[in-house]
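Residue-level structural notes
Listed here are the chains, written in short residue letters.
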Amino acid sequence: GPIRSIVIPPQHPDWLLIGSVGGGVWISDTTSWHPANDFMASLAIGAMVADPVQSNIIYAGTGEFLAGTAEGFVPDGLRGNGIFKSTDSGQIWSPLLATQLSASIDFTYVNRLAVLADGSALLAATGTGVHRSTNGGNDWTLVSHPRLALDVKAHPTVVTQVLASGFGSAAYSLNGGVVFSRSHGLPESGRVEVAWSASNPLIAYASVDNNNGEVYKSVDAGANFTKPYTGNNLLAALDGGQWVSQGDYDNVIWVNPVNPDDVVVGGVDVFRSTDGGTSFSKIGDWAQYQNNAVSVHADHHVIVAPRDYDGVITKTIWFGNDGGLFRVDDLNL
């Protein structure tokens, strides 16, 4: 099924884990791909994240979100059964009992997971809001409204900074996700996905499906967002209008870890800006892929680069989409 999550285990940077929304967790340990566990209580893997400090720990959230409104989720996809945890870089998985259906319905659809830069808290964007745990997922506190339940991103270096987003809204936290404040400037409709700039903690981006396909930028750590270009319908125009009907399903944004002006957005196709979002060009074309050209499958859900990505020596980027796992070895080629 579609790939919604990709993790490179910190303890094993030459391994790769992918989460399929219908096929569980798969692991490549330098020799071959194989399922990590075909007997988890749910194989609908919607999100994964590695603990940056306890580098052998990885979390996997289950449940596939497909549709929703500003008021909440419309169940449409594969229902999950909570969050699972691995303490050996993804080889063996155990359920977090507090998140299982027998204990709570809050984790039926786990859309994104995040861990603070110091490993002190785990955050889960689920069908009932953003939940926070400070003891490895054994206990949880609800810290946001369901409207902010589609995405949650912890800044990779600044422990206090967290972004959350959902339907027509985003919020920022300056205390590690304990309290969120509403971000201003975004349209009050459509699915919103967010991304931090690792090299400049003040800069963040949002990909917005408001029937136009728009990208917004913040230069104050998520407090305020504005469009860095003039006009409307930017991505929809580049995408031949496909964004209008697909952006609530395939929507992801990534920022180059060493260049805050280099931004990649995935929807049906893939777009890139090298000027901080002022302009975009299409770099991945579903139509070309169908015609056997060198391109990429449609419907993108996750974009990941290695931790040592520098754009010079290490330049590989991984894309998860409805066609599986894809790789680009250099965005500039």
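The sections below set out a description of the structure shown in this document. Note that the structure is a prediction, hence the values are computed from the model and not measured. (Residues numbered from 1 in each chain as written. Predicted model: local features only at pLDDT ≥ 70, side-chain atom pairs only at ≥ 80, totals over all residues. Heavy atoms only, no water.)

**Some details on the packing of aromatic side chains**
Condition: Two aromatic rings, drawn from Phe, Tyr or Trp (for Trp, its six-membered ring), form a pair once their centres lie within 6.5 Å of each other, and the interplanar angle then sorts them: stacked below 30 degrees, edge-to-face above 60, tilted otherwise. Secondary structure elements follow DSSP: runs of H or I of four or more residues count as helices, runs of E of two or more count as strands, with numbering from the N terminus. Residue exposure (1.4 Å probe, protein chains only): buried if accessible area is under 20% of the type maximum, exposed if over 50%, otherwise partly exposed.
One pass over the full model with this rule turns up 4 aromatic pairs. Where Trp254 meets Tyr309, the ring centres are 5.9 Å apart and the plane angle is 85 degrees; that geometry is what we call edge-to-face. Taken as a pair, Trp254 in strand β22 (residues 252–255) and Tyr309 in the loop between β26 (300–304) and β27 (317–321) lie far apart in primary sequence, 55 residues in all. Judged by its relative accessible area of 7%, Trp254 is buried. Within the aromatic cluster, the residues linked to one another by ring pairs are Trp286, Tyr289 and Phe326.

**With respect to the side chain of His131**
The test is simple: Residues adjacent in sequence count toward polar contacts only when both atoms are side-chain atoms; beyond that, a polar contact is any pair of N or O atoms within 3.5 Å, and within protein one must be able to donate a hydrogen and the other to accept it. Any two residues whose heavy atoms approach within 4.5 Å are treated as being in contact.
Following the sequence through the fold, His131 ends up in strand β13 (residues 129–133). A distance of 2.9 Å separates polar atoms of two side chains, one belonging to His131 and the other to Thr128. Discounting chain neighbours no more than four positions away, the residues touching His131 are Asp106, Phe107, Leu122, Leu123, Ala124, Thr126, Trp140, Thr141, Leu142 and Val143.

**What to know about the pairing of strand β3 (residues 24–28)**
Here is the rule: For two strands to pair, DSSP has to find at least two bridges joining them.
Summarising burial for β3: 4 of the 5 residues are buried, a large majority. Pairing analysis gives 5 bridges linking strand β2 (residues 16–20) to β3, with the strands arranged antiparallel. Looking at the pairing, Leu17 lines up with Ile27 of β3. What sits between β2 and β3 in their antiparallel hairpin is a turn of 3 residues.

**Some details on the pairing of β13**
Burial of β13 is extensive: 5 of the 5 residues sit out of reach of the surface. Pairing of strand β12 (residues 122–126) with β13, which is carried by 5 bridges, proceeds in the antiparallel orientation. Looking at the pairing, Leu123 lines up with Arg132 of β13. Where β12 folds back onto β13 in an antiparallel hairpin, the turn is made up of 2 residues. Strand direction decides the pairing type here: β13 and strand β14 (residues 141–142), joined by 2 bridges, are antiparallel. The residue bridging Arg132 from the neighbouring strand is Thr141, located in β14.

**Thoughts on the pattern of salt bridges**
Formally: A carboxyl oxygen of Asp or Glu within 4 Å of a side-chain nitrogen of Lys or Arg is what we treat as a salt bridge.
All told, the structure shown has 11 salt bridges when counted by the stated rule. The residue Glu193 makes a salt bridge to Arg191 at a minimum N-O spacing of 2.9 Å. Pair check on accessibility: Glu193 and Arg191 agree, each one buried. A salt bridge links Lys315 to Asp330, with the nearest nitrogen and oxygen atoms 3.2 Å apart.

**Examining the sheet that holds strand β10 (residues 94–95)**
Judged by pairing direction, the sheet is antiparallel, and its 4 strands sit side by side in the order β5-β6-β9-β10 without closing on themselves. Lying at the two open borders of the sheet, with one neighbouring strand each, are β5 (45–50) and β10.

**What to know about the environment of Ser104**
Summarising the element assignment, Ser104 is placed in the loop between β10 and β11 (110–115). Beyond its immediate chain neighbours, meaning those up to four positions away, Ser104 contacts Ala98 and Thr99. Here Asp106 takes part through its backbone nitrogen, which lies 3.0 Å from a polar atom of the side chain of Ser104.

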